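# Examining the three-dimensional arrangement
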Amino acid sequence: KFLDSPKHRLLIADEVGLGKTIEAGFILTELKARQTIQRVLVICPANLTQKWRLELKKRFGEEFKILASKAFVDFLDEYADSPHDTGLNGIISYESIRKKSILDQMENLSPRFDLVIADEAHWMRNFGRKQRRAGVILSECSDAMILLTATPIHLGNENLFSLLNILDDDDFPDIYTADSRFQANEPIVKSQICMGQIPPLVDESLKQLHMVETSAYVQGHPLYDEIVSDLHGMKNQEDDLTSIRQQVLKVQRDLSELNLIGHIFT
């Protein structure tokens, strides 16, 4: 999903303990296999900096350095003198990067990062806070960005919007259009959930999709019509849906692609 993302931006919202650090490491590995990666920055709470350094070393053989405020300023100064020659595999805490002097220097310098990974990204959700300003600046400076958090769904639409706005303020410019999009997406998500049951709840999945058929987001969308047609085809087959497993998987994939924020959120 990240590699297919047009802007290489993704919010990963897996629950606690499901390995978001490892998922981010896989993305880093795949990027390095495809292009030259010169500058990578991980931002996380101070109590997680050692965990990130050890995980990246143990699981991916990547050497990262934990940066205090002064060390990060030294990197910015070096980058200002020689941007093309200055590399970085760095980990910095929200507590260190949120200092006004650092934020001002980053904003003026706009250092380019190949990849920024922000763990516990809900730390950046509140408008007007320095952590959020750091996230916005880093997003503007990065070619690729991953936000990791286990909590955005539990915090409500405004907070989910805030994180998506950091990732792509063109696609998610304001809370009003984002909220409309989230509401239109709910039946699609519920349809996905229905098709993930054993056996799949085909009738309920169709019912959910029919609720959104007049929405401007899916009206005339060829994938929507194809999914509805496939679901009607399943209804007309035998009750034993295990015999049409491939069709079920196809519908699940298509629903994931139809998901109105699926290109940037997983």
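Since the structure is predicted, the reported quantities are computational estimates derived from the model, not experimental observations.

A word on the side chain of Asp-168. Relative to the helices and strands, Asp-168 is located in the loop between α8 (157–167) and α9 (175–195). Here Asp-171 takes part through its backbone nitrogen, which lies 3.1 Å from a polar atom of the side chain of Asp-168. Not counting the four nearest positions on each side in its chain, Asp-168 is found in contact with Lys-7 and Ile-264.

Moving on: a negative patch on the surface. Side chains of Asp-77, Glu-78, Asp-81 and Asp-85 sit close together on the surface and give a patch of like negative charge. Among the structural elements, Asp-85 can be located in the loop between α3 (69–81) and β4 (88–93). Take Asp-85: its relative accessible area is 63%, and that puts it in the exposed class.

Turning next to the sheet that holds strand β3 (residues 65–67). One open sheet holds the six strands; their spatial order is β1-β6-β5-β2-β4-β3, and the pairing between them is parallel. Looking at which strands have only one partner, the edges of the open sheet turn out to be β1 (9–12) and β3. In this sheet, adjacent strand axes meet at a mean angle of 20° when their direction is disregarded. By the bridge criterion, four bridges tie β1 to strand β6 (residues 145–148) in an arrangement that is parallel. Among the inter-strand pairings, Ile-12 is bridged to a residue of β6, identified as Leu-148. Its contacts with the sheet put helix α1 (residues 20–34) on β1, β2 (39–44), β5 (115–118) and β6, and the angle it makes with β6 is roughly 170°. Where α8 meets the sheet, it contacts β1 and β6, and its direction lies at approximately 155° from that of β1.

Moving on, we come to the pattern of salt bridges. A side chain with one charge may pair with a side chain of the opposite charge, provided their charged atoms come close. Inspection of the entire model under this criterion finds 16 salt bridges. Among the salt bridges present, the one from Lys-250 reaches Asp-254, with a minimum N-O distance of 2.8 Å. With a gap of four residues between them, Lys-250 and Asp-254 both fall in helix α12 (residues 245–258), about one helical turn apart. We classify Lys-250 as partly exposed; its relative accessible area is 28%.

On to the packing of aromatic side chains, then. Counted under the stated rule, the structure contains six aromatic pairs. Aromatic side chains Phe-75 and Phe-113 sit 6.0 Å apart centroid to centroid with 35° between the ring planes, which places their arrangement in the tilted category. Separated by 38 residues along the polypeptide, Phe-75 in helix α3 and Phe-113 in the loop between α5 (100–109) and β5 bring together distant segments of the chain. The exposure classification of Phe-75 matches that of Phe-113, with both residues buried. Consider the rings of Tyr-94 and Trp-123, whose centres lie 5.2 Å apart with planes at 25°: the pair is stacked. Residue Tyr-94 is found in helix α4 (residues 94–97), and its partner Trp-123 is found in the loop between β5 and α6 (130–141); the two are separated by 29 residues along the sequence. Judged by its relative accessible area of 0%, Tyr-94 is buried. Joined through ring pairs, the aromatic side chains of Phe-72, Phe-75, Tyr-79 and Phe-113 make up one cluster.

The next thing to look at is the pairing of β6. Neither face of β6 is left uncovered, since the one carrying Met-145 and Leu-147 and the one carrying Ile-146 and Leu-148 both have all their residues buried. Here three bridges tie β5 to β6, and the two strands are oriented parallel to one another. For Val-116, the partnering residue across the bridge sits in β6 and is Met-145. Once the chain exits β5 it traverses α6 before rejoining the sheet at β6, and the crossover so formed is right-handed.

Conventions adopted
- Residues numbered from 1 in each chain as written.
- Predicted model: local features only at pLDDT ≥ 70, side-chain atom pairs only at ≥ 80, totals over all residues.
- Heavy atoms only, no water.
- Helix = DSSP H or I, 4+ residues; strand = E, 2+ residues; numbered from the N terminus.
- Polar contact = N/O pair within 3.5 Å; in protein donor to acceptor, adjacent residues only side chain to side chain.
- Contact = heavy atoms within 4.5 Å.
- Patch = residues over 30% accessible without salt bridge, like charges linked within 9 Å, V, L, I, M, F, W, Y side chains within 5 Å.
- Areas by Shrake-Rupley, 256 points an atom, 1.4 Å probe, with all protein chains shown as cover.
- Salt bridge = Lys/Arg side-chain N within 4 Å of Asp/Glu carboxyl O.
- Lys, Arg positive; Asp, Glu negative; His and termini not counted.
- Charge placed at Lys NZ, Arg CZ, Asp CG, Glu CD.
- Buried < 20%, exposed > 50% of the residue type's maximum accessible area, 1.4 Å probe, protein only.
- Pairing = 2+ DSSP bridges.
- Axes fitted to C-alpha atoms, helices over the stretch in contact; angles between N-to-C directions.
- Phe/Tyr/Trp six-rings, centres within 6.5 Å; stacked < 30°, edge-to-face > 60°.
- Right-handed = clockwise from strand over helix to strand, strands pointing away.

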